[in-house]
Amino acid sequence: MKKSKAFFGYSILALVIYVVVQVLLTTGMLDAYYENILITMCIHIMLAVSLHLVIGITGQFSIGHAGFMAVGAYVSAIATMNFGLPFPIAILIGAIFAGLAGLLVGVPTLRLKGDYLAIATLGFAEIIRIVFINLDYVGGAAGIVINQMTNWTYAFFGVVITILVISNFTNSRHGRGCISIREDEVAADAMGINTTYYKVVAFVIGSAFAGVAGAIYSHQFFFIQPTAFNFLKSFDILIFVVLGGLGSLSGSVIAAILLTVVSFYLQNFPETRMIIYSAVLIIIMLYRPTGLLGTKEVTQLFKFGKRGGSSA
C-alpha cells in the first residue's frame, strides 16, 4: 500500500514538472537556450543513473560508459538518417545495440575486478571510438550530420523510464543480488548467488540506458563526432556518480543537475571547468568520501528528519 502511494505521488510530481516546463516552453518564457540546458540535463541524468547501477549498486568499476553512449548515438542516427525509421524506434534500436555491446563486453570482462575491470572497459570505449573514426559509413573522423528530433518530451520521459526501470530493478530480488556482490562478492558467491550472471545483467541494463541517452544526444545536437565520446566523457559521467554518492540514485540525479548547470555557465572556459571538476573530486575524497548522499536516498533523509522531530 505504501509503495503504491509513493509511486502515485512520484507520478504526480513528474507530471507536474513536465507540464510546467512544457507550458513555459510553449509560451516562450523559456527559450531554445534553456530548453537545450534542460535536455542536456536529462541526458546527463540518464547517463548518471545507468552508471549508478553498474558502480553504485553492483560495485563494478567501469570507466568506459561513453562507449555505450556512442553505440546508441550512432546506431540511432543510422536508423533515422539512412533507413528513415521513426525516432522512438531508433531510440529503442540504439538501446538494444548498446545493451548487446554491454553483453559482448560484460561476459569476458566482468570476471575481472577493480583496476583490471576499469582498464578493460576503458579499452572497449576506445575501440568503439576508433572503429567509428575509421568507418566511412558514418562519416569517419569528420562525423555525421543528423536531423534534430529530440525535444523536451523525449528527454523527460527518457529520464522517467530510466529511473523507473533501474529503481525497480534495484528493489527487486535481482537488485538485492547485485547489492550483495557490492558488499562482499566472496560471501555472495559462497551463498550460492551467481555473481557473474548478476554483474552481466546489471552491466547490460546500464549499457542499454546509456544507449538511450546517446540516441537522444545525437538527435539534439545535429552533429556528432567520435571525439565526443572519448575518455573525458566517461570521466564526466563517473564524476556524477561519485559526487552524488556511490549507491544513491537520487544523489546521482542531483549531481548530474548541479554539474550540468555549472558546465553551461563555464562552457566558454573549458579549462576552468576541468579544474573545478578536479577540485570537487579532491574535496569530496578528503571531506565526504561517500559523496553527497552516500548510499542513502532523498526520501530516507526526509523520513529520518520526521523521526528525529517526533522523538524530540
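Everything numeric in this text was worked out from a predicted model, so none of it was measured. (Residues numbered from 1 in each chain as written. Predicted model: local features only at pLDDT ≥ 70, side-chain atom pairs only at ≥ 80, totals over all residues. Heavy atoms only, no water.)

Some remarks on the pattern of salt bridges
Working step 1: This structure, assessed with the given rule, holds three salt bridges.
Working step 2: Across the pair Glu126 and Arg129 runs a salt bridge, and its minimum N-O distance is 2.7 Å. Of the two residues, Glu126 and Arg129 are both situated in helix H5 (residues 114-133); the distance of three residues between them amounts to about one turn of the helix.
Working step 3: We classify Glu126 as partly exposed; its relative accessible area is 23%. (Salt bridge = Lys/Arg side-chain N within 4 Å of Asp/Glu carboxyl O. Helix = DSSP H or I, 4+ residues; strand = E, 2+ residues; numbered from the N terminus. Buried < 20%, exposed > 50% of the residue type's maximum accessible area, 1.4 Å probe, protein only.)

Re the nonpolar core
Generally speaking, a soluble globular protein has its nonpolar side chains buried in company with each other.
Working step 1: Formed by 85 residues in total, the largest nonpolar core has its most connected members in Ile43, Trp152, Ile216, Ile224 and Phe229.
Working step 2: Discounting chain neighbours no more than four positions away, the residues touching Phe229 are Ala66, Met69, Ala70, Ala73, Tyr74, Arg129, Tyr217 and Ile224. (Core = buried A, V, L, I, M, F, W, Y, C linked by side-chain atoms within 4.5 Å. Contact = heavy atoms within 4.5 Å.)

Quick look at the layout of surface pockets
Working step 1: Approximately 570 Å³ is the volume attributed to the second largest pocket.
Working step 2: If you trace the second largest pocket, you find 20 residues lining it, with His44, Lys233, Asp236, Ser263 and Arg273 closest to the centre.
Working step 3: Among the elements of the structure, helix H2 (32-57), helix H10 (231-244), helix H11 (249-265) and helix H12 (270-287) are those that each provide at least two residues to the lining of the second largest pocket.
Working step 4: Per-class residue counts for the lining of the second largest pocket are 10 nonpolar, seven polar and three charged. (1 Å grid on protein atoms, 1.4 Å probe; cavity = no way out; pocket = protein on both sides within 12 Å on 5 of 7 lines; lining within 4 Å. Points joined across faces, edges and corners; volume = space filled by probe spheres on them. Nonpolar A, V, L, I, M, F, W, Y, C, P; charged D, E, K, R; others polar.)

Some thoughts on the confidence of the model for the chain
Working step 1: Per-residue pLDDT for the chain averages 87, and the proportion of residues at 70 or more is 94%.
Working step 2: By mean pLDDT, helix H13 (residues 298-311) is the weakest element of the chain at 54, and helix H3 (residues 65-81) is the strongest at 95. (pLDDT = per-residue confidence, 0-100.)

Some thoughts on the packing of helix H7 (residues 173-183) against helix H9 (residues 195-218)
A pair of packed helices can be characterised by two numbers: the angle between their axes and the separation between those axes.
Working step 1: In contact at an axis separation of 9 Å, H7 and H9 are set at 110° when each is read in the N-to-C sense. When the interaxial angle is binned, H7 and H9 end up roughly perpendicular. Once H7 is placed against H9, the crossing between them reads as left-handed. Contact residues: H7 offers Arg173, His174, Cys178 and Ile181, while H9 offers Thr195, Tyr197, Tyr198, Lys199 and Ala202.
Working step 2: Considering only residue class, the contact of H7 with H9 consists of five nonpolar, two polar and two charged. (Axes fitted to C-alpha atoms, helices over the stretch in contact; angles between N-to-C directions. Parallel < 35°, antiparallel > 145°, perpendicular 65-115°, else oblique. Left-handed = near helix turned anticlockwise from the far one by under 90°.)

Quick notes on the packing of aromatic side chains
Working step 1: According to the stated counting rule, one finds 16 aromatic pairs in the structure shown.
Working step 2: Centroid distance Phe156 to Phe157: 5.5 Å. Interplanar angle 85°. Geometry classified as edge-to-face.
Working step 3: Exposure remark for Phe156: the relative accessible area of 8% places this residue in the buried category.
Working step 4: Here the aromatic residues Tyr74, Phe132, Tyr217, Phe221 and Phe229 are joined through ring pairs into a cluster of three or more. (Phe/Tyr/Trp six-rings, centres within 6.5 Å; stacked < 30°, edge-to-face > 60°.)

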